[in-house]
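Letter by letter, the chains look like this.
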Amino acid sequence: MVDSIGHRMKFGVIAPSTNTAVQPEFDSLRPWGVTNHFARIHIPDNPIGSDEDFNQLMLDIRAELMVAIDRVVTCSPGAVIMGMSAETFWDGLEGSKVFHKNCEERAGVPVSMGSDACQAALRKYGDIKRIGVITPYMPLGDKNVRRFFEDCGFEVVNLKGLKCSSPQLIAHVSERELRDAIVEVDDSRVEAIVQVGTNLAMARVAAIAEFWLDKPVIAINTATYWWSLRQQGIEDRVYGWGSLMQDY
């Protein structure tokens, strides 16, 4: 017997309790027979106005992360998705590998995460080297994102950190603000644009932006869900959410 609704795949998803963007975006990308089951990392919605505040946020996430994994695996998912991104970029490529290993050991099933998904997505578009990046983070978070992409062989030409003032308020960034951020990080040197931070609701804006920029614009929630599906051998094309889900 298999799950009557998630008969192709049950994904367990880990997300911060303050995050209101990743769940609806993942559900919009979900093919028939695939289901998403969320466990929340309990964190306070404390103000963030400095690198010290941002570092405390990371400590809050780490304190609850493994408990959330323990909670979600009780539904027997086929794989677990990290629906949060900052920690997946922390300490560059090597730090990301250690984090991934620790999460898989705890979950006992395959784990997919945004850092791996973003670099895999970029490589699908060919020999991309120079990128623009958008984050919701303080400079400390931006530094770790930049380090990760540079470790992977990409040049971060432009980076826009939105410095969102609390974890919950990341989701309040409007589509117009996201559009303006895309314009700001784009120039003739940039071959692709990547957005990180799973509580930035950018999947729809990224798909639209590809048409008028004529280059890949990769939203992390789209990339992470695409990567999770492909890692599990699910090759369904989902239309209306950009070239990554449609063509690859």
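Above this note sits the structure.
Computed from a predicted model, the values in this text were never measured in an experiment.

I tried to follow the environment of D60 on my own but got confused; where do I start?
Within the secondary structure, D60 sits in helix 2 (residues 51–72). Here the alpha-carbon distance between D60 and D214, two residues 154 residues apart in the chain, equals 39 Å. Dropping the residues within four chain positions of it, D60 is found in contact with H42, I43, P44 and N46.

Can you help me understand a nonpolar patch on the surface in this one?
Taken together, the side chains of V183, I208, F211 and W212 present a nonpolar region at the surface, about 470 Å² in accessible area. Take the nonpolar patch: its biggest share by element is 3 residues, from helix 8 (residues 203–213). Examined against the element boundaries, V183 turns out to sit in helix 7 (residues 175–185).

Explanation requested: the sheet that holds strand 4 (residues 111–112) in the structure shown.
Sheet strands line up and pair through hydrogen bonds in the backbone, either parallel or antiparallel. Spatially, 2-1-3-4 is the arrangement adopted by the 4 strands of the open sheet, whose pairing is parallel. Of all the strands in the sheet, just strand 2 (34–41) and strand 4 have a single pairing partner and so form its edges. Of the strand pairs in this sheet, strand 3 (residues 79–82) and strand 4 are connected by 2 bridges, and their pairing is parallel. Looking at the pairing, V80 lines up with V111 of strand 4.

What am I meant to see in the packing of helix 2 against helix 6 (residues 139–151) here?
Contact geometry of helix 2 with helix 6 gives a least axis separation of 8 Å together with a crossing angle of 65°. Judged by the inter-axis angle, helix 2 sits roughly perpendicular to helix 6. Here D51, F54 and N55 of helix 2 come into contact with helix 6, specifically with P139, L140 and G141. Within the contact of helix 2 with helix 6, the residues separate by chemical class into 3 nonpolar, 2 polar and 1 charged.

Quick notes on the rules
- Residues numbered from 1 in each chain as written.
- Predicted model: local features only at pLDDT ≥ 70, side-chain atom pairs only at ≥ 80, totals over all residues.
- Heavy atoms only, no water.
- Helix = DSSP H or I, 4+ residues; strand = E, 2+ residues; numbered from the N terminus.
- Contact = heavy atoms within 4.5 Å.
- Patch = residues over 30% accessible without salt bridge, like charges linked within 9 Å, V, L, I, M, F, W, Y side chains within 5 Å.
- Areas by Shrake-Rupley, 256 points an atom, 1.4 Å probe, with all protein chains shown as cover.
- Salt bridge = Lys/Arg side-chain N within 4 Å of Asp/Glu carboxyl O.
- Pairing = 2+ DSSP bridges.
- Axes fitted to C-alpha atoms, helices over the stretch in contact; angles between N-to-C directions.
- Parallel < 35°, antiparallel > 145°, perpendicular 65-115°, else oblique.
- Nonpolar A, V, L, I, M, F, W, Y, C, P; charged D, E, K, R; others polar.

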